[in-house]
Amino acid sequence: MFKNWFILIAIVLVAVGGYFLWQQVQRPPPKADQPRAEETQQQMQSELAGWKTYRNEEVGFEVKYPRVERFEIKKQGADIYLLKTGAQWPVNPASLQGVCKVSVFGFENKSRVSLDEWYKEIVRESGGSSDISQTKTSINNFETLLVKGGEITLVDSAYISKPDQSVVASLNMICGDDFRIEGEKVFNQILSTFKFIK
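In this text, all values refer to a predicted model and were calculated from it rather than measured experimentally.

A. A look at the sheet that holds strand E6 (residues 133-139). Pairing is antiparallel in the open sheet, where seven strands are placed in the order E3-E4-E5-E9-E8-E7-E6. On the outer flanks of this sheet lie strand E3 (70-73) and E6, each paired with one strand and no other. Averaged over all pairs of adjacent strands, the angle between their axes in this sheet comes to 15°, without regard to strand direction. Two elements, strand E4 (residues 77-83) and strand E5 (residues 99-108), share seven bridges in a ladder whose sense is antiparallel. The partner of Asp79 across the bridge, within E5, is Ser103. Helix H3 (residues 115-126) rests against E5, E6, strand E7 (142-148), strand E8 (156-161) and strand E9 (167-175) of the sheet, and its axis sits at about 35° to E7. Contacts from helix H4 (residues 180-192) reach E4, E5, E6, E7, E8 and E9 within the one sheet, and its direction differs from that of E9 by about 160°.

Below, the structure written as structure tokens:
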């Protein structure tokens, strides 16, 4: 009889212990370790404090950019030159060592074709290859096509379509090998500030 009680108590203890172990495994990690959306937003705003705004009234978009060494206004956009910390201007434009160039342009989409069709048409006209990495996404609720450069073409691009498909904004980045990782971070921050204004 004592043996039966002992077995029953052992079974109950194993079951209770198993239940608590299962509860621990099913429980999500503590929220203190996870950054909250508000903290992430505040950190992003803090990083963007002091950035300037480039606004293209003709095409109808704006984007923020950090302090830069050189900024050139073009017909349909601008070229923004970022320097690696410690780099000095002028740099060798052929190598782009220590520099990252971000180009921001807007184009009319007169035929108002989809973003995919517009991109295929541009590639066809330029004689380029569309066999590079492409990802459809959304930036600030605007349809976006991200194109990742390869070993031959180191240009990363984002093509953002206005909702009525009348305008496509093009943001392109090309960096020296020594600045690529930091440049990509800044490029993504610049992309996160993009918006159409009319």
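Read on for the rest.
B. Region of interest: unusual backbone geometry. We note that Asn141 has phi near 70°; this positive angle belongs to a residue other than glycine. By secondary structure assignment, the location of Asn141 is in the loop between E6 and E7. Classification of Asn141 as exposed rests on a relative accessible area of 74%. Phi is positive for Gln165, close to 60°, though the residue is something other than glycine. In this fold, Gln165 is placed in the loop between E8 and E9.

C. Geometry of the state of the cysteines. One pass over the structure, following the stated rule, counts one disulfide. Here Cys100 connects covalently by a disulfide to Cys175, the sulfurs 2.0 Å from one another. Of this pair, Cys100 sits in strand E5 while Cys175 sits in strand E9; the two residues are 75 residues apart in sequence, bridging distant segments of the chain. Assigned by exposure class, Cys100 and Cys175 land together as buried.

Reading guide: rules and limits
- Residues numbered from 1 in each chain as written.
- Predicted model: local features only at pLDDT ≥ 70, side-chain atom pairs only at ≥ 80, totals over all residues.
- Heavy atoms only, no water.
- Pairing = 2+ DSSP bridges.
- Helix = DSSP H or I, 4+ residues; strand = E, 2+ residues; numbered from the N terminus.
- Axes fitted to C-alpha atoms, helices over the stretch in contact; angles between N-to-C directions.
- Contact = heavy atoms within 4.5 Å.
- Buried < 20%, exposed > 50% of the residue type's maximum accessible area, 1.4 Å probe, protein only.
- Disulfide = S-S within 2.5 Å.

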